[in-house]
Amino acid sequence: MSTGTFTFRPLDPLQDAELLHAWVTHPKAAFWMMQDASLVDVERAYMEIAADEHHHALLGLDEDGVPAFLMEKYDPAHRELVGLYEPQPGDIGMHFLTPPTDRPVRGFTRAVITAVMAHLFEDPAVRRVVVEPDVANKAVHALNEAVGFVPEREIQKPEKKALLSFCTREQFSAAIGVAV
């Protein structure tokens, strides 16, 4: 796995289910909250996302076209954060998951979150990215900060206590040193 250029393709819930199952049930993915999911559970969960006009799952592919990570984007006015904050026009929510590996590549996860953010901001309608990671997920808080996220407050979701954070296009550009 390198930290090179990534491309994105829509996730195919049936074709990609085995790969996803291995990723989301691994102990490293504890914050994904699918540790005990069966293959059928994963297929079902991602078929629901595929059918949802407000939630999309994508695979990030490395330069050889090999799946390298999972990305989800959602409309926070309709999913995940409904009633927990006041959405603004141009808000988009995001989750990402890097798979387990026996050979970690230094800088890989940071390259992934940077690619995810750049992909989101390719849409000129996107003005701000919203995330709500578990408050205990200190590693992702550091990654979020590195790409320009600013924590606003802790919120209580049904499944977790989360750190609501935002990143504008300008904050992302300043953090990575490149205009987007």
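Heads up: the structure comes first, above all this text.
Basis of the calculations
Residues numbered from 1 in each chain as written. Predicted model: local features only at pLDDT ≥ 70, side-chain atom pairs only at ≥ 80, totals over all residues. Heavy atoms only, no water. Axes fitted to C-alpha atoms, helices over the stretch in contact; angles between N-to-C directions. Helix = DSSP H or I, 4+ residues; strand = E, 2+ residues; numbered from the N terminus. Parallel < 35°, antiparallel > 145°, perpendicular 65-115°, else oblique. Contact = heavy atoms within 4.5 Å. Nonpolar A, V, L, I, M, F, W, Y, C, P; charged D, E, K, R; others polar. Left-handed = near helix turned anticlockwise from the far one by under 90°. Phe/Tyr/Trp six-rings, centres within 6.5 Å; stacked < 30°, edge-to-face > 60°. Buried < 20%, exposed > 50% of the residue type's maximum accessible area, 1.4 Å probe, protein only. Salt bridge = Lys/Arg side-chain N within 4 Å of Asp/Glu carboxyl O.

### Examining the packing of helix H1 (residues 17-24) against helix H2 (residues 39-50)
Each pair of packed helices gets described by two things: the angle between the helix axes and the distance between those axes.
Right, on to step 1. One can describe the packing of H1 onto H2 by two numbers: an axis separation of 9 Å at closest approach and a directional angle of 105°. On the basis of their axis angle, the class for H1 and H2 is roughly perpendicular. Only Leu39, Val42, Glu43 and Tyr46 of H2 make contact with H1, whose side of the interface consists of Ala17, Glu18, Leu20, His21 and Val24.
Right, on to step 2. Taken together, the residues that form the contact of H1 with H2 break down as six nonpolar, one polar and two charged.

### Concerning the packing of helix H3 (residues 108-121) against helix H5 (residues 169-176)
Right, on to step 1. For the pair H3 and H5, interaxial distance at closest approach is 11 Å and the crossing angle is 140°. Here H3 is positioned oblique relative to H5, judged by the angle of their axes. Considering the relative orientation of H3 and H5, their crossing is left-handed. Between H3 and H5, the residues in contact are Thr114, Met117, Ala118 and Phe121 and Arg169, Phe172 and Ile176, respectively.

### Description of the packing of aromatic side chains
Right, on to step 1. In total, this model carries five aromatic pairs according to the counting rule given.
Right, on to step 2. Taken together, a centroid distance of 5.1 Å and an interplanar angle of 90° make the contact between Phe6 and Phe69 edge-to-face. One end of the pair, Phe6, is in the segment before strand E1 (7-10); the other, Phe69, is in strand E3 (residues 67-74), with 63 residues separating them in the sequence.
Right, on to step 3. Judged by its relative accessible area of 0%, Phe69 is buried.
Right, on to step 4. Seen in terms of ring centroids, Tyr85 and Phe166 are 5.5 Å apart; in terms of plane orientation they differ by 50°. Their pairing is tilted. With a gap of 81 residues between them, Tyr85 in the loop between E3 and strand E4 (91-97) and Phe166 in strand E7 (residues 161-168) connect regions that are remote in the sequence. Each member of the pair, Tyr85 as well as Phe166, is classed as buried.
Right, on to step 5. A connected cluster of aromatic rings, assembled from ring pairs, spans Phe6, Phe8, Phe69 and Phe108.

### Some thoughts on unusual backbone geometry
Right, on to step 1. Phi at Glu80 takes a positive value of approximately 65°, unusual for a residue other than glycine.
Right, on to step 2. In this fold, Glu80 is placed in the loop between E3 and E4.

### Some remarks on the pattern of salt bridges
Oppositely charged side chains can form a pair if their charged atoms are brought close together.
Right, on to step 1. Using the criterion set out here, one finds ten salt bridges in the structure.
Right, on to step 2. We note a salt bridge from Arg128 to Asp91, for which the minimum N-O separation is 2.8 Å. Linking Arg128 in strand E5 (residues 128-131) with Asp91 in strand E4, this pair joins segments that are 37 residues apart in sequence.
Right, on to step 3. Relative accessible area serves as the criterion here: at 12%, Arg128 is assigned to the buried category.
Right, on to step 4. Glu132 is the partner of Lys157 in a salt bridge, and the nearest nitrogen-oxygen pair spans 3.0 Å. One end of the pair, Lys157, is in the loop between strand E6 (150-156) and E7; the other, Glu132, is in the loop between E5 and helix H4 (138-146), with 25 residues separating them in the sequence. Note on accessibility: Lys157 and Glu132 belong to one class, buried.
Right, on to step 5. Salt bridges sharing partners connect three or more residues here, namely Glu80, Glu132, Lys157, Glu159 and Lys160.

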